[in-house]
Amino acid sequence: MVREIITYPNPILRKKSKDVEVFDENLHTLLNDMNDTMMSAGGVGLAAIQVGIDLNVLIINIPIDNEGELDDGMQKPENLIEAINPVITHKDGELVFNEGCLSVPGFHAEVKRAEHVIVEYYNRDGEKQTMEAEDFLAVAWQHEMEHLSGHVFIEHLSFLKRKKFEKEWKRELKEKGKK
Ligand code: CO
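Conventions used here
Residues numbered from 1 in each chain as written. Predicted model: local features only at pLDDT ≥ 70, side-chain atom pairs only at ≥ 80, totals over all residues. Heavy atoms only, no water. Donors = N, O, S within 2.8 Å, 3.2 Å for Na, K, Ca; no water. Helix = DSSP H or I, 4+ residues; strand = E, 2+ residues; numbered from the N terminus. Buried < 20%, exposed > 50% of the residue type's maximum accessible area, 1.4 Å probe, protein only. Phe/Tyr/Trp six-rings, centres within 6.5 Å; stacked < 30°, edge-to-face > 60°. Expected span 1.5 Å × (residues − 1). Polar contact = N/O pair within 3.5 Å; in protein donor to acceptor, adjacent residues only side chain to side chain.

### Considering the coordination of the cobalt ion
In ideal tetrahedral geometry, four donors around a metal make angles of 109.5 degrees, whereas ideal octahedral geometry with six donors gives angles of 90 or 180 degrees.
Inference 1: Donor atoms from the polypeptide that coordinate the cobalt ion comprise Cys101 (SG), His143 (NE2) and His147 (NE2), at 2.1 to 2.2 Å from the metal.
Inference 2: Counting the intervening residues between successive donors of the cobalt ion yields the motif C-x41-H-x3-H. Here the residue cysteine 101 occupies a position in the loop between β4 (95-99) and β5 (109-113), and histidine 143 occupies one in helix α2 (residues 135-148), the gap between them amounting to 42 residues.
Inference 3: Accessibility expressed as a relative area gives 10% for cysteine 101, which makes it buried.
Inference 4: Looking at histidine 143, the relative accessible area reads 5%, which means it is buried.

Below you can see the structure in the form of structure tokens.
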């Protein structure tokens, strides 16, 4: 079931998420709904807090082809990552990536991230997993993890870019409100 995506500047997005303690049917429903929501919105990642649930749960599905190379095409169900209580255990390198976010629809900005990460998390059945990620996938992990700690990618903008963004965003919200 598609759930409503919470958008900036809703204060719910600033909430720090808590660890999942029970891997039950409710968690599975949340994961299924998050995938429906992400796919219908055309996103590549979603954190539970973006649908108003303050649990350390995130999903990622980036479009890659059979060789594991980035691909503009379809997101494949088999590439879906479901991560419960994720922790980044290692970061290195640096890259700048043009990011977007389903909670800040229509806005993109360049953000500096680690180029390579190692993450530990649990799958939906409570089994521990380890994953190494580079480039776009590493960026997606860092972006979604940030949501779990109550942050949004626009916080990386420089002072002036942030001011410009806030001004434009307010104007857009006002226009949407008029409709
Ligand atoms: Co986001």
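### So, the packing of aromatic side chains
Inference 1: Inspection of every chain in the model, using the stated rule, returns 7 aromatic pairs.
Inference 2: Taking the centre distance of 4.5 Å and the plane angle of 50 degrees together, the rings of phenylalanine 107 and phenylalanine 165 count as tilted. Placement of the pair is phenylalanine 107 in the loop between β4 and β5 and phenylalanine 165 in helix α3 (residues 159-178), with a sequence separation of 58 residues.
Inference 3: Ring pairing ties together the aromatic residues Tyr8, Phe107, Phe153, Phe165 and Trp169, which thus form one cluster.

### Points about α2
Inference 1: In this model, α2 (14 residues) spans 20 Å end to end at C-alpha, consistent with the 20 Å of a helix rising 1.5 Å per residue.
Inference 2: The buried fraction of α2 amounts to 13 of the 14 residues, a majority that puts the element mostly inside the structure.
Inference 3: Positive backbone phi, approximately 85 degrees, marks glycine 150, located one or two places after α2.

### Some words on the environment of asparagine 10
Inference 1: Structurally, asparagine 10 can be placed in the segment before α1 (25-41).
Inference 2: A distance of 3.0 Å separates a polar side-chain atom of asparagine 10 from the backbone nitrogen of isoleucine 12.

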